[in-house]
Amino acid sequence: MCGIVGVVSKQPVNQMIYDALLLLQHRGQDAAGIVTGQGGKLYMQKSRGMVRDVFRTRTMRALPGDYGLGQVRYPTAGSADSEEEAQPFYVNAPFGLALAHNGNLTNADALRSELTGVDHRHINTGSDSEVLLNVLARELDLVSDGLPLQPEDLFRAVRGVHRRVRGSYAVVVLIAGHGLLAFRDPFGIRPLCVGSSETDGVMVASESVALEGNGFRLLRDVAPGEALYVDLQGGMRFEQCAQGARLNPCIFEFVYLARPDSVLDGISVYQARLNMGETLAQRVISVMPPSEIDVVIPVPESSRPSAMQLAWKLGRPYREGFVKNRYVGRTFIMPGQAVRKRSVRQKLNAIAQEFDGRNVLLVDDSIVRGTTSREIVQMAREAGARKVYLASAAPPVRYPNVYGIDMPTAAELVAHGRDVEEIRRLIGADALIYQDLEAMKRAVRRVREDIETFEASCFDGCYVTGDVDAALRGARGGDGDAPGGGMLALQGQAQEEAQP
């Protein structure tokens, strides 16, 4: 995942983009970049690092202009160590285009071959975002045919992108001297919304919190397959550019990725997580008397709403048992297992009085690689807990995510090929309770009932784009029958629960 933002205003936009990227920092901590436009000239600053490290007073002064875009990145394609792969990307023809992308292309290799061999375009990095930019540039070159740029040309070009590109993509594009283009893949996997301000113009961003934090009023989400063009006067034009588009938002956005104060596709992330806590409480009650739990403690921070609601439903005390160092990045999105493992104890510290002599139910939003969970369970024991139970607000993560989340190989996932009892032993908990997948979908759907399907491939192995083969899935065959999806594992036994 990444965080993207684009602005067209009558005011200088560098500070607005900077502030928006700070609000989206949770979506990527590897690199950051901003491009601004003044008249027909574009200015760019990008580098590896956090937003506050990449942009200083000197660099902000070098970003003049009243339209622009930015991105915070964590890598799912290409190299995490390459300065060149920080976004935005730029090509000078046609018109001068700068692009920022959130998502992951599943046919990037085939497109790269087409671009170099057929379209004769040069790709300089391993990033699929550079591939996407060159596909758009090629399609726009074909439809504009040397004539002055018209909005219809942009929409025709986006239709061409949809025909050629597979995977997930929420995109903002700066067009030198013309304005801002934004579009979303036909399944709406990655989020993108638009807001306006009477004084500051139009902003598009990955999450509504970036709009609200800058004083923009959320208008609506960009629909799946839809494109939005904002001219330099702030005029907006929407156009559906994909046939058969349908909304399949990534459910992991509501589990972990998005901020709780955001609204994605009309769904309050906070309310969705409260609902997940209720359904998780039902699973706990069905197999474990709440009287066996002395205290419910969240694993900061994404799990807090679910843990609060679960504690309320169980009638057990809710306590903050871990203090988080906010200056350490999110361990799930840190490149490299060794870095993730080392950072867990740098990030969290236990408050011993909340654990000493108690049976503790820890609540986490999800369990991906198991590294964090194993360390946290051990920390709870070291703090004096008598028994440590662990509940996950999400089902077992068994399959790689190929749409822009850092779950690249099945071998890295603790639940891949293992039942819940095996996972429990690896993590070291006295009990392990997983959310049921269908219950989780119902919990999110309660906030917006007209959403029929979600992109939930990391839980069920079903990839909505229909072009992901077994190699990308991590040899799914055989594991799909592994027991334990949504089971509870107790010390010395594994018993399957009834469906809620």
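Calculation notes
Residues numbered from 1 in each chain as written. Predicted model: local features only at pLDDT ≥ 70, side-chain atom pairs only at ≥ 80, totals over all residues. Heavy atoms only, no water. Pairing = 2+ DSSP bridges. Helix = DSSP H or I, 4+ residues; strand = E, 2+ residues; numbered from the N terminus. Axes fitted to C-alpha atoms, helices over the stretch in contact; angles between N-to-C directions. Parallel < 35°, antiparallel > 145°, perpendicular 65-115°, else oblique. Left-handed = near helix turned anticlockwise from the far one by under 90°. Contact = heavy atoms within 4.5 Å. pLDDT = per-residue confidence, 0-100. Expected span 1.5 Å × (residues − 1). Buried < 20%, exposed > 50% of the residue type's maximum accessible area, 1.4 Å probe, protein only. Salt bridge = Lys/Arg side-chain N within 4 Å of Asp/Glu carboxyl O.

Observations concerning the sheet that holds strand 1 (residues 2-8)
Then comes step 1: The seven strands are arranged 3-2-4-1-10-9-11 in an open sheet whose pairing can be described as antiparallel. Each having just a single partner strand, strand 3 (41-48) and strand 11 (217-221) make up the two edges of the open sheet. Across the sheet, the axes of successive neighbouring strands diverge by a mean angle of 15°, strand direction being ignored.
Then comes step 2: With five bridges joining them, strand 9 (residues 193-197) and strand 10 (residues 201-205) adopt antiparallel strand pairing. Bridge pairing in strand 10 places serine 196 opposite valine 202.

What about the packing of helix 4 (residues 108-117) against helix 5 (residues 128-144)?
Then comes step 1: One way to put it is that helix 4 packs onto helix 5 with a least axis distance of 10 Å and a crossing angle of 50°. In this view, helix 4 runs oblique relative to helix 5, as classed from their interaxial angle. Along this stretch, helix 4 crosses helix 5, giving a crossing that reads as left-handed. On the side of helix 4, the interface is formed by Ala108, Leu111, Arg112 and Leu115, while helix 5 contributes Asp128, Val131, Asn134 and Val135.

Thoughts on the confidence of the model for the protein chain
Then comes step 1: Per-residue pLDDT for the protein chain averages 90, and the proportion of residues at 70 or more is 89%.
Then comes step 2: Scored below 50 in pLDDT, residues 474-487 shows 38 contacts in the model against residues more than four places distant or in partner chains.
Then comes step 3: Note that residues 492-500 has pLDDT below 50 and, in this model, 25 contacts with residues that lie over four places away or in other chains.

Quick notes on helix 12 (residues 371-382)
Then comes step 1: End to end, helix 12 covers 17 Å across twelve residues, agreeing with the expected 16 Å (1.5 Å per residue, within 8%).
Then comes step 2: In the stretch just after helix 12, glycine 384 is the one whose phi turns positive, near 105°.

Re the pairing of strand 2 (residues 31-38)
Consecutive residues of a regular strand have side chains that alternate between opposite faces of the sheet.
Then comes step 1: Where burial is concerned, most of strand 2 is hidden: seven out of the eight residues are buried.
Then comes step 2: As judged from the eight bridges shared by strand 2 and strand 3, these two strands associate in the antiparallel manner. If you follow alanine 31 over to strand 3, its bridge partner there is arginine 48.
Then comes step 3: Connecting the antiparallel pair strand 2 and strand 3 is a turn made up of two residues, with glycine 39 showing a positive phi of about 65°.

Examining the pattern of salt bridges
For side chains of opposite charge, pairing can occur when their charged atoms come near one another.
Then comes step 1: For the structure on display, the rule yields 31 salt bridges.
Then comes step 2: Here aspartate 265 makes a salt bridge to arginine 184, at a shortest N to O gap of 2.8 Å. One end of the pair, aspartate 265, is in the loop between strand 14 (263-264) and strand 15 (267-268); the other, arginine 184, is in strand 8 (residues 179-184), with 81 residues separating them in the sequence.
Then comes step 3: A residue is classified by how much of its surface remains accessible, and arginine 184, at 0% relative accessible area, is buried.
Then comes step 4: Salt bridges here are not isolated pairs; linked through shared partners, they connect Glu114, Asp119, Arg138, Glu139 and Arg164.

Examining the pairing of strand 6 (residues 97-105)
Then comes step 1: Where burial is concerned, most of strand 6 is hidden: nine out of the nine residues are buried.
Then comes step 2: Burial along strand 6 is two-sided: Leu97, Leu99, His101, Gly103 and Leu105 facing one way and Ala98, Ala100, Asn102 and Asn104 facing the other are all buried.
Then comes step 3: Pairing geometry for strand 5 (residues 89-91) and strand 6, over three bridges, is antiparallel. From the neighbouring strand, phenylalanine 89 faces strand 6, where its bridge partner is leucine 99.
Then comes step 4: As consecutive antiparallel partners, strand 5 and strand 6 are separated by five residues, and within that stretch phenylalanine 95 has a phi angle of approximately 75°, a positive value.
Then comes step 5: Judged from the nine bridges that link them, strand 6 and strand 7 (residues 167-175) form a sheet pairing that is antiparallel. Its bridge partner being in strand 7, histidine 101 is matched across the sheet by valine 171.

Side note on unusual backbone geometry
Then comes step 1: A cis amide bond, omega 10°, links glutamine 87 with the succeeding residue proline 88.
Then comes step 2: Secondary-structure assignment places proline 88 in the loop between strand 4 (67-73) and strand 5.
Then comes step 3: Of the consecutive residues proline 300 and glutamate 301, the connecting peptide bond is found in the cis state with omega at 0°.
Then comes step 4: Structurally, the position occupied by glutamate 301 is in the loop between strand 16 (295-298) and helix 10 (304-314).
Then comes step 5: A positive phi angle is found at phenylalanine 95, which is not glycine, with a value near 75°.
Then comes step 6: The phi angle at aspartate 265 is positive, at roughly 50°, despite the residue not being glycine.

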